[in-house]
Amino acid sequence: VQLVESGGGLVQPGGSLRLSCAASRSISDVRRVGWYRQAQGKQRELVAAIGSGWTKTYDDSVKGRFTISRDNTKNTMYLQMNSLKPEDTAVYYCTLLSVWYSHYWGPGTPVTLSS
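I will try to describe carefully the structure that is included in this document. (Residues numbered from 1 in each chain as written. Predicted model: local features only at pLDDT ≥ 70, side-chain atom pairs only at ≥ 80, totals over all residues. Heavy atoms only, no water.)

## Looking at the state of the cysteines
A covalent bond between the sulfur atoms of two cysteines is referred to as a disulfide. Filter applied, for reference: A pair of sulfur atoms, both from cysteines and within 2.5 Å, is called a disulfide here. Segments assigned H or I by DSSP are reported as helices when at least four residues long, segments assigned E as strands when at least two residues long, and all are numbered from the N terminus. Exposure is judged per residue with a 1.4 Å probe applied to protein chains only, and the accessible area is read against the type maximum: over 50% gives exposed, under 20% gives buried, and values in between give partly exposed.
Under the defined criterion, the tally for this structure stands at one disulfide. With its sulfur 2.0 Å from that of its partner, cysteine 21 forms a disulfide with cysteine 94. On the S-S bond that ties cysteine 21 to cysteine 94, the torsion sits near 55°, and the link is right-handed. Of this pair, cysteine 21 sits in strand E3 (residues 17-23) while cysteine 94 sits in strand E9 (residues 90-97), and the two are 73 residues apart along the sequence. Here the two residues cysteine 21 and cysteine 94 agree in accessibility, since each one is buried.

## Some points on the packing of aromatic side chains
The geometry of an aromatic ring pair is captured by the separation of the ring centres together with the interplanar angle, meaning the angle of the planes. Worth spelling out the cut-off: Stacked, edge-to-face and tilted are the three classes for Phe, Tyr and Trp ring pairs, Trp counted by its six-membered ring, which pair at centre distances within 6.5 Å; planes under 30 degrees apart are stacked, over 60 edge-to-face, the rest tilted. Each ring is checked for a lysine NZ or an arginine CZ that lies within 6 Å of its centre and within 35 degrees of its normal; such an atom marks a charge sitting over the ring.
Taken as a whole and judged by the stated rule, the model has two aromatic pairs. Ring plane angle 80° and centroid distance 6.4 Å describe the contact between tyrosine 93 and tryptophan 105, whose orientation is recorded as edge-to-face. With tyrosine 93 in strand E9 and tryptophan 105 in strand E10 (residues 103-105), this pair connects stretches of sequence that are 12 residues apart. When its relative accessible area of 33% is taken as the criterion, tryptophan 105 is described as partly exposed. A connected cluster of aromatic rings, assembled from ring pairs, spans Tyr36, Tyr93 and Trp105. Stacked on the ring of tyrosine 78, the Lys or Arg arginine 18 has its end atom at 4.0 Å from the ring centre. It is arginine 70 that lies over the ring of tryptophan 54; its NZ or CZ is 4.6 Å from the centre.

## Quick word on the side chain of aspartate 88
The condition that has to hold: Contacts described as polar in this section are N or O atom pairs within 3.5 Å, which, within protein, must combine one atom able to donate a hydrogen with one able to accept it, while residues neighboring in sequence count only if both atoms come from side chains.
Its location among the elements puts aspartate 88 in the loop between strand E8 (76-81) and E9. A polar contact of 2.7 Å, which involves the side chain of aspartate 88, links it to the side chain of arginine 65.

Bear in mind that shape data such as this cannot, by itself, settle questions of function.
In structure tokens:
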């Protein structure tokens, strides 16, 4: 499975971005899809995920600001990011956990907050 993110870029604090992640195959039967991020000098952290039961989880730092979604008809997942803060600056990665527990990652897309 190949994953490719898009939608990252430079944005001012308080602004919004929508990240997309296109998969090379169907995502309708996967165990989980999600978004991680890694800021410079820090460990990669989970931002948001959708489990097999369509349960959504969010890191406390993004609750109320970010929304994860998926469109199985387009084999695509999204991360809508609103009210962005400087601490949201990071490279964002989409991930997929298959039914066979194989974990796939995209190459990442950078998000930079700058005034």
